[in-house]
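# Geometric and topological summary
For reference, the chains in residue letters:
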Amino acid sequence: MIIDQGFCFNAGEWNFPDAPLRGLYSRHSVYRHITGMDSFEPWLSRVEERLSRLRLGEVAGSIPPEWYNDEYDRLEELIRKLDQRRHLVRELILSARDSGRQPFANWK
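These lines cover the structure that appears in this document, whether it is placed above or below. (Residues numbered from 1 in each chain as written. Predicted model: local features only at pLDDT ≥ 70, side-chain atom pairs only at ≥ 80, totals over all residues. Heavy atoms only, no water.)

## Re the packing of aromatic side chains
Cut-off, in case you're wondering: Each Phe, Tyr or Trp ring, with Trp reduced to its six-membered ring, pairs with another whose centre is within 6.5 Å; inter-plane angles below 30 degrees give stacked pairs, above 60 give edge-to-face pairs, and intermediate values give tilted ones. Secondary structure counts use DSSP, requiring at least four H or I residues in a row for a helix and at least two E residues in a row for a strand, with both numbered from the N terminus. Each residue gets one of three labels from its accessible area relative to the maximum for its type: buried under 20%, exposed over 50%, partly exposed in between, using a 1.4 Å probe on protein chains only. Placement of a charge over a ring requires the Lys NZ or Arg CZ to be within 6 Å of the ring centre, with the centre-to-atom vector within 35 degrees of the ring normal.
Here the structure, examined in full by the defined rule, presents four aromatic pairs. On the basis of an interplanar angle of 85 degrees and a centroid distance of 5.4 Å, the ring pair of tyrosine 31 and phenylalanine 104 is categorised as edge-to-face. Of the two residues, tyrosine 31 is situated in the segment before helix 1 (43–49) and phenylalanine 104 in the segment after helix 4 (89–97); the sequence distance between them amounts to 73 residues. Summarising the burial analysis for this pair, tyrosine 31 and phenylalanine 104 share the class buried. Here phenylalanine 104 and tryptophan 107 contribute two aromatic rings whose centre-to-centre distance is 5.7 Å and whose plane-to-plane angle is 40 degrees, an arrangement assigned as tilted. For tryptophan 107, a relative accessible area of 17% puts it in the buried group. When the ring centre of tryptophan 107 is taken as origin, the NZ or CZ atom of arginine 97, which lies over that ring, is 5.0 Å away.

Set out below in structure tokens:
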């Protein structure tokens, strides 16, 4: 198997540099249907309310150890950070919206 995580979790660094446009697709036309925060529902609420640390741990438990070089401590730290950051997603979306590049041209 080949796994290409691309820039997920900042490539192999497993951290989260907060830059408003990081993680957005370069062709902003894919966001043409985004008209406001409601456009991200129900997924945004599910991340905030249902994606618990326990659930994150369950998902992480299904990852083959060779995919994270048997670095279980780093995986645990990633789970902890994801659990903390799930409440920041709304704020990060607003930061992207307010950036100079305006990826959500139809936001009202």
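So, next bit.
## Description of unusual backbone geometry
Following glutamate 41, the chain continues into proline 42 via a peptide bond in cis, with omega recorded as 5 degrees. Summarising the element assignment, proline 42 is placed in the segment before helix 1. In the Ramachandran plot, aspartate 70 falls in the positive-phi region, its phi being about 55 degrees despite a non-glycine side chain. Locating aspartate 70 in the fold gives a position in the loop between helix 2 (53–61) and helix 3 (72–85).

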